[in-house]
Amino acid sequence: MSALPDDLERASRELRLTCDAGGVCTWADARAAQLLGIAPGTAFKALASPGTEEKVQQLLTRGRTQPVHGWELSLVVKGTPVTALFAAAPHGDEVALLGSIVHEEHAQALQQVESAMSEMVGLNRQIARQQKELERKHGEVLRLNQDLEDSFRAVKAMHAELEDRADALRRSVDVRGRVVANVSHEFRTPLHAILGLSQLLLDQSDGPLMPEQRKQVGFIRAGAEQLSQMVNDLLDLSKIEAGKVMIRSEKFGVGDLFSALRGMLTPLQKPGSQVKLIFEEVPESLTLETDRAKTSQVMRNLIANSLKFTEAGEVRVSAAQDAAGVTRLTVKDTGVGIAPADQQRIFEEFEQIGHARDQGTGLGLAISRRLAALLDGKLELTSELGAGASFTLTLPRIHPEVKEMHEVTQRSQVLDPARQPVLVVEDDRKTMFVYERYLSLGGFQVIPARTVEEAREAMKRVRPAAILLDIMLERESTWAFLAELKKDPATIDIPVLVVTITNKAQKARALGADEFWLKPIDKDRLLKKLHAIATPPGMYTRILVIDDDERARYVLRKHLEAESEFKLFEASSGPEGVTMANQHLPNVIFLDFLLRDQTAFDVLDELKANPRTRGIPVIINTAQDLDEDQIARLGEVTESIVSKEHLSRELAINRIRDALDRAGVKAHRSDA
């Protein structure tokens, strides 16, 4: 089969087939044969669910004249109904089809969202009926109800747009996350308006309400509050699933955390409640260094749940920390308890059991367990039906990301003279760890900075050979810092590589950036560029000569010694040359082809195997007559081949500068 059209190559590659003008399959790949059971000679329409044949025919008809994307079909495969997304495009006299089967869990997720939307529409209609009974004073609430209806339509439009982008449907969880996030954001504005205006009515700021009217407005507000909580939970869940939740660590006392929780949750207890909320005393020495807000959110969910399902007795909150720093935060109640068969279900999304139905969204514990995992901890439950429940959040005293970041910072305090320092301005710890691994393999030392202020402080104690700069930090951008570096005569010559998620290459280069890349960055590309540009000012261009003939080394040394920009290192054997290359990181290597017990290929293999020396340009300097095969092999891994017989000062310097130019490096002169 010939290459598919570009429009289809960009779509999902789950299964592929082509059909002729009559809709008969002419070719199908192995995936299509396996998933659809279709083979050449089979009519594609034969797979359509009853009543949907016309939609299949429309896809085939349109696909013969123009590209089509995001076409949803209902098919019957091996007796089982399935949903599939197809893209189509003209392919000669035929139509080419690319499709993917929508997983069952994706369909279930969409059904859950649609079910929730249907319930909300029903509630909205109920609100509308109640508002009509409130006469003139309820007119504003009715208009807000219309805004809510408009929001539903906007959500449906966004959902349709998502369906049109088949390439965005890579994973069912991603689709659900986008839909939930968009739905939730659209609901927030009208919900907040309903809550605000209903409270105004309850406060009787525009006049008294009849008892029945007050009761009706109370129902409206209660419904809106429940919807608002559902929106917030859905937003939290979608952010976690999309991996967009960052850990913002700080050091805090567990006692301070409990004090804040007490202040937040005690007022929520109903007047005359027979439940005591007890926070046990915590030693001042019991501290955590993790994300305080997320820890508080988990504990708040646990305590609120215990208060909700405890009619009498107490809800007791305690903390303990062992010698290894493992911290256990426990919420124990005397409530209704949870049967063993239900103890795993309650941590699943939208799951509610028995007495818990109609008392929440069914997301609180699911979100809490996921947040616990983000904190590198776990959430556990022990309970018996009718005997209360005990939830325990187990956390390390210091979050692993924080601990590793401390280690990176400590390593940067002692400068390694054998490694060139690179200042990395990056607020995401995971990305910082990746950079440190990359750069340490390449012979560089990372100087970390998570803010512009930390970067300025670092530059007071060390002058970096290069700066790796993220433009969008958590609470600030670094555009001004980049401009500052390139305006200051003391730092203008420090190479700055901007690596970020925002495509602002033109602005970065206008402000003086030496390179601009979008994340994620390729390791080899990064190291090659750093080796090319990260030469500290005031340093010579370093030339390493590897040759076992002392006379040849002498000749080359005499050719170059008159040039003050070059500093020569000499090695009389291959192993010695490899060692010196790793130690001095020369800008260019002159390598004899035939050494004692070795050839240039042996030395090149060792140089290329080491990330520190892999990118150093190599010039072959030989007296041997090389055959075509040797010349071809050397041409793949070296810059040029120079005959010792014809070597001159001008030729040596030109070959060095050619190699430096191809590597993007300018020769440096010493200021000393």
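Let me begin by describing the structure that accompanies this report.

What counts, and where the lines are drawn
- Residues numbered from 1 in each chain as written.
- Predicted model: local features only at pLDDT ≥ 70, side-chain atom pairs only at ≥ 80, totals over all residues.
- Heavy atoms only, no water.
- Helix = DSSP H or I, 4+ residues; strand = E, 2+ residues; numbered from the N terminus.
- Buried < 20%, exposed > 50% of the residue type's maximum accessible area, 1.4 Å probe, protein only.
- Contact = heavy atoms within 4.5 Å.
- Areas by Shrake-Rupley, 256 points an atom, 1.4 Å probe, with all protein chains shown as cover.
- Pairing = 2+ DSSP bridges.
- Axes fitted to C-alpha atoms, helices over the stretch in contact; angles between N-to-C directions.
- Arc of directions from axis to C-beta.
- Core = buried A, V, L, I, M, F, W, Y, C linked by side-chain atoms within 4.5 Å.
- Salt bridge = Lys/Arg side-chain N within 4 Å of Asp/Glu carboxyl O.
- Phe/Tyr/Trp six-rings, centres within 6.5 Å; stacked < 30°, edge-to-face > 60°.
- Lys NZ or Arg CZ within 6 Å of the ring centre and 35° of its normal.
- Parallel < 35°, antiparallel > 145°, perpendicular 65-115°, else oblique.
- Left-handed = near helix turned anticlockwise from the far one by under 90°.
- Nonpolar A, V, L, I, M, F, W, Y, C, P; charged D, E, K, R; others polar.

Our focus in this paragraph is the overall build of the protein chain. Scanning the protein chain for helices and strands turns up 21 helices and 24 strands. Buried residues in the protein chain amount to 47% of all 672 residues. Counting only contacts in the protein chain whose residues sit at least 6 apart along the sequence, the fraction spanning at least 24 positions is 66%. About 33,800 Å² of surface is accessible on the protein chain, with carbon and sulfur atoms providing 49% of the total.

A separate point is the environment of Gly335. Looking at the secondary structure, you find Gly335 in the loop between strand 10 (326–333) and helix 10 (364–374). Considered as a pair, Gly335 and Leu307 are 28 residues apart in the sequence and their alpha carbons are 8.2 Å apart. Not counting residues up to four positions away in its chain, the partners in contact with Gly335 are Phe309, Thr310, Gly386, Ala387 and Gly388.

Glancing now at the sheet that holds strand 13 (residues 420–425). Either a parallel or an antiparallel arrangement is found when strands of a sheet pair, and the pairing is made through backbone hydrogen bonds. The 5 strands are arranged 14-13-15-16-17 in an open sheet whose pairing can be described as parallel. The sheet is open, and its two edges are formed by strand 14 (444–449) and strand 17 (515–518), each paired on a single side. In this sheet, neighbouring strand axes are inclined to one another by 20° on average, regardless of whether the strands run parallel or antiparallel. Against the sheet, helix 12 (residues 429–441) contacts strand 13, strand 14, strand 15 (466–469) and strand 16 (496–500), and its axis sits at roughly 160° relative to strand 14. Of the strands in this sheet, strand 13, strand 15 and strand 16 are in contact with helix 14 (residues 479–487), which crosses strand 16 at around 170°.

Once that is clear, we can look at helix 3 (residues 53–63). For an α-helix, 3.6 residues make a turn, and residues three or four places apart therefore share a direction. Taken as a whole, helix 3 has its buried residues at Val56, Leu59, Leu60 and Gly63. Projected down its long axis, helix 3 carries its buried residues within an arc of 95°, all on one side. Those residues of helix 3 that are buried lie in contact with strand 1 (15–19), strand 3 (68–77), strand 4 (80–91) and strand 5 (94–101).

Our next topic: the nonpolar core. With 36 residues, the main nonpolar core has Phe258, Met299, Ile303 and Phe391 as its most contacted residues. Mapped onto this core, the elements with two or more residues apiece are helix 8 (254–265), strand 7 (274–279), helix 9 (292–308), strand 9 (312–321), strand 10, helix 10, strand 11 (378–383) and strand 12 (389–396). Leaving out residues up to four positions away in the same chain, Phe258 has contacts with Phe279, Glu280, Val282, Met299, Val317, Ser318, Ala319 and Leu329. Core analysis: the second largest hydrophobic core is formed by 25 residues, Leu15, Ala32, Val56 and Trp71 among them.

Taken together, 5 strands build an open sheet; the order of strands is 19-18-20-23-24 and the sheet is parallel. Looking at which strands have only one partner, the edges of the open sheet turn out to be strand 19 (566–571) and strand 24 (640–643). On average, each strand axis in the sheet is inclined to that of its neighbour by 20°, with strand direction left out of account. The sheet contact formed by strand 20 (residues 588–591) and strand 23 (residues 618–622) spans 3 bridges and is parallel. Residue Phe590 lies in a different strand from strand 23, and its bridge partner there is Ile619. Helix-sheet contacts for helix 18 (residues 574–584) involve strand 18 (541–546), strand 19 and strand 20, and the interaxial angle to strand 19 is about 145°.

Attention now moves to unusual backbone geometry. Here the amide bond leading from Lys519 into Pro520 is cis, since omega sits at -5°, within 30 degrees of zero. With respect to the helices and strands, Pro520 occurs in the loop between strand 17 and helix 16 (523–533). Residues other than glycine seldom take positive phi values, yet Lys78 does so here, at roughly 55°. On the basis of relative accessibility, which here comes to 69%, the residue Lys78 falls in the exposed class. Of note in this structure, Asp376 is not a glycine but carries a positive phi near 65°.

If you walk through the whole model with that rule in mind, you get 21 salt bridges. In this structure, Glu280 engages Arg316 in a salt bridge whose closest nitrogen and oxygen atoms are separated by 3.4 Å. Residue Glu280 is located in the loop between strand 7 and strand 8 (287–291), and its partner Arg316 is located in strand 9; the two are separated by 36 residues in the primary sequence. For Arg316, a relative accessible area of 28% gives the class partly exposed. A salt bridge links Arg328 to Asp322, with the nearest nitrogen and oxygen atoms 3.7 Å apart. With relative accessibility at 38%, the residue Arg328 sits in the partly exposed group.

Geometrically, a pair of aromatic rings is defined through the distance of the ring centres and the angle of the planes. Per the stated rule, a full pass over the model turns up 3 aromatic pairs. With centroids separated by 5.6 Å and ring planes inclined at 75°, the aromatic side chains of Phe44 and Phe86 adopt a geometry described as edge-to-face. Placement of Phe44 in the loop between helix 2 (30–36) and helix 3 and of Phe86 in strand 4 is noted, with a sequence separation of 42 residues between them. Assessed through its relative accessible area of 0%, Phe44 is described here as buried. For Phe86, a relative accessible area of 2% puts it in the buried group. The ring of Phe601 is capped by Arg633, whose NZ or CZ atom sits 3.8 Å from the centre of that ring.

The next subject is the environment of Leu202. Checked against the element boundaries, Leu202 lands in helix 6 (residues 172–202). With a relative accessible area of 15%, Leu202 lands in the buried category. Each C-alpha atom of the pair Leu202 and Gly218 lies 7.5 Å from the other, and the pair is 16 residues apart in sequence. Dropping the residues within four chain positions of it, Leu202 is found in contact with Arg214, Val217, Gly218 and Arg221.

With their axes 10 Å apart at the nearest point, helix 18 and helix 19 (residues 600–609) run at an angle of 25° to one another. The orientation of helix 18 with respect to helix 19, classified from their angle, is roughly parallel. You can see that helix 18 and helix 19 cross each other, and the crossing is right-handed. Where helix 18 approaches helix 19, its residues Gly574, Val578 and Ala581 are matched on the opposing element by Val603, Glu606 and Leu607. For the contact of helix 18 with helix 19, the class distribution of residues is 4 nonpolar, 1 polar and 1 charged.

Distances and angles like these do not, on their own, reveal function.
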